[in-house]
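An overview of the molecular structure
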Amino acid sequence: MIDTPGMRELGIVSADLDKSSSDIEEFAQRCKFSDYRHENESKCAVREAIENGLIDIDRLESYKKLQK
Ligand SMILES: [Zn+2]
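Calculation notes
Residues numbered from 1 in each chain as written. Predicted model: local features only at pLDDT ≥ 70, side-chain atom pairs only at ≥ 80, totals over all residues. Heavy atoms only, no water. Donors = N, O, S within 2.8 Å, 3.2 Å for Na, K, Ca; no water. Helix = DSSP H or I, 4+ residues; strand = E, 2+ residues; numbered from the N terminus. Buried < 20%, exposed > 50% of the residue type's maximum accessible area, 1.4 Å probe, protein only. Core = buried A, V, L, I, M, F, W, Y, C linked by side-chain atoms within 4.5 Å.

This part covers the coordination of the zinc ion. The protein atoms donating to the zinc ion are C31 (SG), H38 (ND1) and C44 (SG), with metal-donor distances spanning 1.8 to 2.3 Å. Sequence positions of the donors to the zinc ion reduce to the motif C-x6-H-x5-C. Placement of C31 in the loop between helix 3 (17–30) and helix 4 (45–51) and of C44 in the loop between helix 3 and helix 4 is noted, with a sequence separation of 13 residues between them. Summarising the burial analysis for this pair, C31 and C44 share the class buried.

Written out as structure tokens, the structure reads:
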């Protein structure tokens with residue numbers, strides 16, 4: 001699947017929600033912090049993935065909701 005910003009705006013992301021937590025979880029497991037916030041820690045694997053465009057910030061928000 002080709003992931004472009006244009007497709008995101010068309011709502012493809014919502015169809016993608018089911019797997020969203022699992023790929024974040026992959027990064028979260030690599031992260032040395034396990035508080036599930038992944039907000040301001042340097043060397044946070046999840047932040048790094050977001051900065052590299054590997055995961056969407058919205059996905060992190062959904063993921064954090066699931067942790068509660
Ligand atoms: Zn983290």
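Back to the text.
It is worth spelling out the nonpolar core at this point. Grouped together as the largest cluster of nonpolar side chains are 12 residues: I24, F27, A28, C31, C44, A45, V46, A49, I50, I55, L60 and Y63. Looking at which element gives the most residues to this core, the answer is helix 4, with four residues.

Looking at the secondary structure, you find S22 in helix 3. When the C-alpha atoms of S22 and Y63 are compared, they prove to be 8.7 Å apart, with 41 residues separating the residues in sequence.

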